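Survey of secondary and tertiary structure
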Amino acid sequence: ELERLIVNPGSVGQPRDGDPRAAYAMIDMEALTVEHRRVAYPVEQTQAKMMEHGLPMRLVMRLSHGW
């Protein structure tokens, strides 16, 4: 019997694996499966807004490539 399941699919922004797409997971509790998924989002638009608001360039660039 499964008592605990921790899933961290990632996030939008600051990729740790070099893939700038948003990451999420689909969990099927009946089949006890987890499917990791990626979806593109307008990274360049997000970066432009970050620059408009004066965020540090290192954070702006991190959306494209991670660290």
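Summary of the structure given here. (Residues numbered from 1 in each chain as written. Predicted model: local features only at pLDDT ≥ 70, side-chain atom pairs only at ≥ 80, totals over all residues. Heavy atoms only, no water.)

Now for unusual backbone geometry. Glycine aside, residues mostly have negative phi, and peptide bonds are mostly found in the trans state. We note that leucine 32 has phi near 55°; this positive angle belongs to a residue other than glycine. Inspection of the secondary structure assignment puts leucine 32 in the loop between strand 1 (22-28) and strand 2 (33-39). (Helix = DSSP H or I, 4+ residues; strand = E, 2+ residues; numbered from the N terminus.)

What follows concerns the pairing of strand 1. Of the strand pairs in this sheet, strand 1 and strand 2 are connected by seven bridges, and their pairing is antiparallel. Bridging from a neighbouring strand, isoleucine 27 pairs with valine 34 of strand 2. Between strand 1 and strand 2, which follow one another and run antiparallel, lie four residues, and leucine 32 among them has a positive phi close to 55°. (Pairing = 2+ DSSP bridges.)

Okay, helix 2 (residues 57-65) next. Along helix 2, the residues classified as buried are Val60, Arg62, Leu63 and Ser64. Among the residues trailing helix 2, glycine 66 stands out with phi positive, at a value near 80°. (Buried < 20%, exposed > 50% of the residue type's maximum accessible area, 1.4 Å probe, protein only.)

By the secondary structure assignment, methionine 57 is in helix 2. Using a relative accessible area of 46% as the deciding quantity, one classes methionine 57 as partly exposed. Along the primary structure methionine 57 and glutamine 45 are separated by twelve residues, whereas in three dimensions their C-alpha atoms are 14 Å apart.

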